[in-house]
Amino acid sequence: MIEILQWSTLAVCCAAAVARIPSAIRGENRSLFYIFVLATLAILLSIDGPYLAIDRVLGGSNITNLILRFVIYGVILLIGYRIAKGFGAPTSVRLILGPVGLGILAVIAGATVALFVLADTAGSVTGLTTLPSRSPENAQLIRLYAGAGRLYPAYVAACLFPATYTAMSSRLPKGIRLGAGLLTLGFAALVLGTFYPLLPTGLGHLEAVVNYIGALAFILGLTAIWICRVRIQAAAQRSSTAK
């Protein structure tokens, strides 16, 4: 089931990125194209086959996982900016792109690199979830590294959750409200990610399920909003032409 969810999410992300190529070439909403491209890359690097193949080329020390973390930071930053601006949430924009938000990103990024360097990560393992423990100290470093990777997405999600949740019950067009609902689901998944360490060992697979459902919700939500706005613009153009 997880493998089907992984490849389905990758296919949706890739299709969304391809669909945005003409608009990106024309210079329209290029940030949305970059979001879809980075999301596609993030999903690809989280799938077992591609991850292991790429990491072996890079030396087999899970550097691919570190790259994945920063791809996720990048796509979350872009999503945060795009959604905050789109829903008219200046407070969210300041919290994400202001001194506080950028400072938090810098601290988390630095901690991510430091913990990765300090840990023994030899031996390609997708997600570093089943890396053999060389010592209790190394296992703790790996857990801290994984925890650091979840903090920034959760922070951005917490900043944007009020804006998208409010939009769900607003008088905005139905497509935008649907997109807001899907984005809210995605943000809820990111916040839930901070509680993964509390899951019993036998339920560890739920982490992957929640992650991919969240990613799929993001892509579908942004796509729904994009399609709705295209239709609104087309209707406005037809109306002005008719006059």
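Residues numbered from 1 in each chain as written. Predicted model: local features only at pLDDT ≥ 70, side-chain atom pairs only at ≥ 80, totals over all residues. Heavy atoms only, no water.

Please clarify how the overall build of the protein should be interpreted in this entry.
In terms of regular secondary structure, the protein is built from ten helices and zero strands. In the protein, the succession of helices and strands from N to C terminus is α-α-α-α-α-α-α-α-α-α. On C-alpha atoms alone, the protein measures out to a radius of gyration of 19 Å, which is about the 18 Å that the 2.2 N^0.38 rule sets for 243 residues. Taking the principal axes of the C-alpha coordinates as reference, the protein spans close to 75 × 35 × 35 Å. (Helix = DSSP H or I, 4+ residues; strand = E, 2+ residues; numbered from the N terminus. Rg over C-alpha atoms; globule rule 2.2 N^0.38 Å.)

It is not clear to me how helix H3 (residues 30–45) should be interpreted in this structure. Could you clarify?
Residue pairs three or four apart in sequence face the same way in an α-helix, which turns once every 3.6 residues. If you check H3, its first and last C-alpha atoms are 23 Å apart, about what 16 residues at 1.5 Å a residue would give, namely 22 Å. Of the positions making up H3, those classed as buried are Leu32, Phe33, Ile35, Phe36, Ala39, Thr40, Ala42, Ile43 and Leu45. (Expected span 1.5 Å × (residues − 1). Buried < 20%, exposed > 50% of the residue type's maximum accessible area, 1.4 Å probe, protein only.)

Got a minute to help me understand a nonpolar patch on the surface in this structure?
On the surface, a cluster of nonpolar side chains totalling about 400 Å² of accessible area is made up of Ile54, Val57, Leu58, Ile63 and Ile67. At the level of elements, helix H4 (48–57) and helix H5 (63–86) are the ones that each hand at least two residues to the nonpolar patch. Assignment of secondary structure puts Ile63 in helix H5. (Patch = residues over 30% accessible without salt bridge, like charges linked within 9 Å, V, L, I, M, F, W, Y side chains within 5 Å. Areas by Shrake-Rupley, 256 points an atom, 1.4 Å probe, with all protein chains shown as cover. Salt bridge = Lys/Arg side-chain N within 4 Å of Asp/Glu carboxyl O.)

Explain the nonpolar core here, please?
Generally speaking, nonpolar side chains in soluble globular proteins are found buried as a group. Ranked by size, the top nonpolar core spans 42 residues in total, and within it Ile83, Phe87, Tyr152, Leu183, Phe187 and Leu222 carry the most contacts. Those elements that place two or more of their residues in this core are helix H1 (2–19), H3, H5, helix H6 (90–97), helix H7 (99–118), helix H8 (136–168), helix H9 (174–192) and helix H10 (205–242). Top element by residues in this core is H10. It accounts for eight residues. Ignoring anything within four residues of it in the chain, the contact list for Leu183 reads Ile83, Phe87, Thr164, Ala217, Phe218, Gly221, Leu222 and Ile225. (Core = buried A, V, L, I, M, F, W, Y, C linked by side-chain atoms within 4.5 Å. Contact = heavy atoms within 4.5 Å.)

What is the right way to look at the layout of surface pockets in this model?
Which parts of space are left empty comes out when a probe the size of a water molecule is rolled across the atoms. Taken as a whole, the second largest pocket holds about 310 Å³ of empty space. In terms of lining residues, the second largest pocket is bounded by 17 residues, among which Asn29, Leu32, Arg82, Trp226 and Arg229 are the most central. When residues of the lining of the second largest pocket are traced back to their parent elements, those giving at least two are H5 and H10. Top element by residues in the lining of the second largest pocket is H10. It accounts for six residues. (1 Å grid on protein atoms, 1.4 Å probe; cavity = no way out; pocket = protein on both sides within 12 Å on 5 of 7 lines; lining within 4 Å. Points joined across faces, edges and corners; volume = space filled by probe spheres on them.)

What am I meant to see in the packing of H8 against H9 here?
Helix-helix packing is characterised by the crossing angle of the two axes and by the distance between the axes. Axis separation between H8 and H9 bottoms out at 8 Å; the angle between their running directions is 150°. As far as their axial angle goes, H9 and H8 are roughly antiparallel. The crossing of H8 and H9 is left-handed. Counted together, Pro153, Ala154, Ala157, Ala158, Leu160, Phe161, Thr164, Tyr165, Ala167 and Met168 of H8 and Arg177, Ala180, Gly181, Leu183, Thr184, Phe187, Ala188, Leu190 and Val191 of H9 form the full contact between these two elements. Grouping the constituent residues of the contact of H8 with H9 by class yields 15 nonpolar, three polar and one charged. (Axes fitted to C-alpha atoms, helices over the stretch in contact; angles between N-to-C directions. Parallel < 35°, antiparallel > 145°, perpendicular 65-115°, else oblique. Left-handed = near helix turned anticlockwise from the far one by under 90°. Nonpolar A, V, L, I, M, F, W, Y, C, P; charged D, E, K, R; others polar.)

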